[in-house]
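# Architecture at a glance
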Amino acid sequence: MIQLSKIRNDATDAIHQAQKEYPIHTTLNMVKNNLTLQIQGVPMYIPCWCGKPGIGKTAHAKMIADAMGMSLLYVSMAKPYEYFTGLPTPNKVTFDDDESVKEKMYVYWSMPDMIHAANIMARKKDTNGCIIFMDDLHIISPDVQTMFFELVLERSLNNFKLDKNVAMLAAMNNSNMAGFDGFFSAINNRVQRINVSMSWKYWYENCGAELNPYIAGFLRNFPNNIEEPESTEEPFCTYRSWTILSKLLEPITKQYTAGEFNKEQFVSQIGMHAAGFMSSKTVTMLKANIGQQLQYDYEGMVKNNKYFIDKNDPISQFCFGNIIRYLRDEKDLDNMIAYIKKIMAEDTAIKDYSNAIINIMYELSAFSHMYMKRPDDEESKTRRALIKSAQAKMFEAGGSKIHNLIYNLTATV
């Protein structure tokens, strides 16, 4: 029986994977159009992102809300039934024309929290309305499905209406591993399912600069390991888990830099932290890769102006991009560019050093995106100018040999 169930689940997941998936950032305009029509009073299916956990569905809902000047009400569909129904409230009514019954008790339902919160947020003076973001739609209970049907069909719950400036957006993980067992057909016919995934290049451009440098080096080496198959038996890594792991590693990286750990202890600490986020196989790969990364002192290369890329070592190539994190000023940049020009003068430069050049450009692109989003304080302005200068000088240093290589890398996905 267990085997048959597994076969059925695997077959269903295979069907989901075979469906067309779009990088989530390419669907933003489509979703905005739907939400705009909802606000205009046009009957619409509720757009619902369907995709793996940790690919930024909530983050992109916030991006849409910010772009549209709207508030965002986050609602987990795991909330109790009463959140959607409101609560029964006893009251009294008097019958003046009936001498035998002076008063009777009756019950009415209070306004559901979701309706109340959304309407309050939609009516604020400094907003264009409110987006209700209903997350984890796949775990909606049968009882809540009946309420959801009223919500999408009539824009109300228990006859309490949504404000006209409220729009709805949903997200779910529609795999069997996530426990999704389908919707009532009436609901299924009122949800616009949009199958989405995350683009590695897009994610790294927007998040790579804030990753721990050793995690960044690993993921540039092994981008296919950023996601693992969903599992109910052991941890599996997602885009989100790498971001969280990077934050956890900040203090122990500082301790290692301060000399509180030797290399072996540092790698062991990383393994202990990572074990809660990913499979044992990936933990083993991560530890081995970081052990190799530690052979190269990129901060020391910058300080001492002694650069080195081992053209026969893929780890050296893929991790050399980390050098960007340690550039302090234009003098450091010019020293690095001089080294790049030197190696690019070799006859087989493209063949031998292309991965190093690509990883430098990945880092420059990531840091450019990060500083574009930062406030215009002096530090950000200085770093942004340095990164912009580095991008320009990399193009100049490469000449015709690598212009096509860099152009293809930096082209919009």
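Above this note sits the structure.
Residues numbered from 1 in each chain as written. Predicted model: local features only at pLDDT ≥ 70, side-chain atom pairs only at ≥ 80, totals over all residues. Heavy atoms only, no water.

### Regarding the overall build of the protein
How we decide: What counts as a helix is a DSSP run of H or I of at least four residues, what counts as a strand is a run of E of at least two, and both are numbered from the N terminus. Per-residue accessibility, obtained with a 1.4 Å probe over protein chains only, is compared with the maximum for each type, and a residue is labelled buried under 20%, exposed over 50%, and partly exposed between these values. Pairs of residues are marked as contacts when any of their non-hydrogen atoms sit within 4.5 Å. Using a 1.4 Å probe, the Shrake-Rupley method yields the accessible areas, and only the shown protein chains count as cover for residues.
A count of helical and extended segments in the protein gives 17 helices and 10 strands. Looking at the protein as a whole, 46% of its 413 residues qualify as buried. Within the protein, contacts between residues separated by at least 24 positions form 70% of all contacts whose residues are at least 6 apart in sequence. Approximately 21400 Å² of the protein is accessible, and the part contributed by carbon and sulfur atoms is 53%.

### Examining the sheet that holds strand β1 (residues 22–23)
In any sheet, the strands associate via hydrogen bonds between backbone groups, in a parallel or an antiparallel arrangement. Condition: Here, strands pair whenever DSSP counts at least two bridges between them.
The strand order across the open sheet formed by six strands is β1-β10-β2-β9-β6-β3, and the pairing between neighbours is parallel. Taken across any chain shown, the strands that pair with only one partner, and hence form the sheet edges, are β1 and β3 (71–76). Where strand β2 (residues 46–50) and strand β10 (residues 191–197) come together, five bridges link them in parallel fashion. Across the sheet, the residue bridging to Ile-46 is Val-191, located in β10.

### Things to note about the pattern of salt bridges
Going by this rule: The salt bridge criterion pairs a side-chain nitrogen of Lys or Arg with a carboxyl oxygen of Asp or Glu, the two atoms within 4 Å.
Using the criterion set out here, one finds 11 salt bridges in the structure. Residue Asp-163 is joined to Arg-123 by a salt bridge in which the shortest nitrogen-to-oxygen separation is 2.9 Å. With Asp-163 in the loop between β8 (160–161) and β9 (166–172) and Arg-123 in the loop between α5 (113–122) and β6 (130–135), this pair connects stretches of sequence that are 40 residues apart. Between Lys-303 and Glu-299 there is a salt bridge, with the nearest N and O atoms lying 3.6 Å from each other. One end of the pair, Lys-303, and the other, Glu-299, are both in helix α13 (residues 298–304), four residues apart, so they sit about a helical turn from each other. What makes Glu-299 partly exposed here is its relative accessible area of 32%. Residues joined in a network through salt bridges with shared partners are Lys-311, Glu-346, Lys-351 and Asp-352.

### Some points on the pairing of β10
Strand direction decides the pairing type here: β1 and β10, joined by two bridges, are parallel. Among the inter-strand pairings, Tyr-22 is bridged to a residue of β10, identified as Val-196.

### Quick word on the pairing of β2
Taking burial as the measure, the five residues of β2 include five buried ones, the bulk of the element. Residue alternation in β2 divides its side chains into two sets, Ile-46, Cys-48 and Cys-50 and Pro-47 and Trp-49, and both sets are buried. Of the pairings in the sheet, the one linking β2 to β9 comprises three bridges and is parallel in character. Each bridged residue has a counterpart across the sheet, and for Trp-49 the counterpart in β9 is Ala-171.

### Focus: the nonpolar core
Defined as follows: Residue types Ala, Val, Leu, Ile, Met, Phe, Trp, Tyr and Cys, when buried and joined through side-chain atoms within 4.5 Å, form a set referred to as a nonpolar core.
Within the largest apolar cluster, 85 residues are counted, with the highest numbers of intra-cluster contacts made by Trp-49, Trp-242, Leu-286 and Phe-320. Here the element with the most residues in this core is helix α16 (residues 349–373); it accounts for 12 residues. In this structure Leu-286 touches Ile-215, Phe-218, Trp-242, Leu-245, Ile-270, Ala-274 and Met-278, once residues within four positions along its chain are discounted. Tyr-83, Phe-84, Met-172 and Val-191 belong to the second-largest nonpolar core, a separate cluster that totals 32 residues.

### Thoughts on the environment of Lys-164
Note on placement: Lys-164 falls in the loop between β8 and β9. Classification of Lys-164 by relative accessible area gives exposed; the value is 60%. When the C-alpha positions of Lys-164 and Cys-130 are compared, they lie 9.6 Å apart, and in sequence the two are 34 residues distant. The residues touching Lys-164, leaving out its near neighbours within four places in the chain, are Ile-39 and Arg-155.

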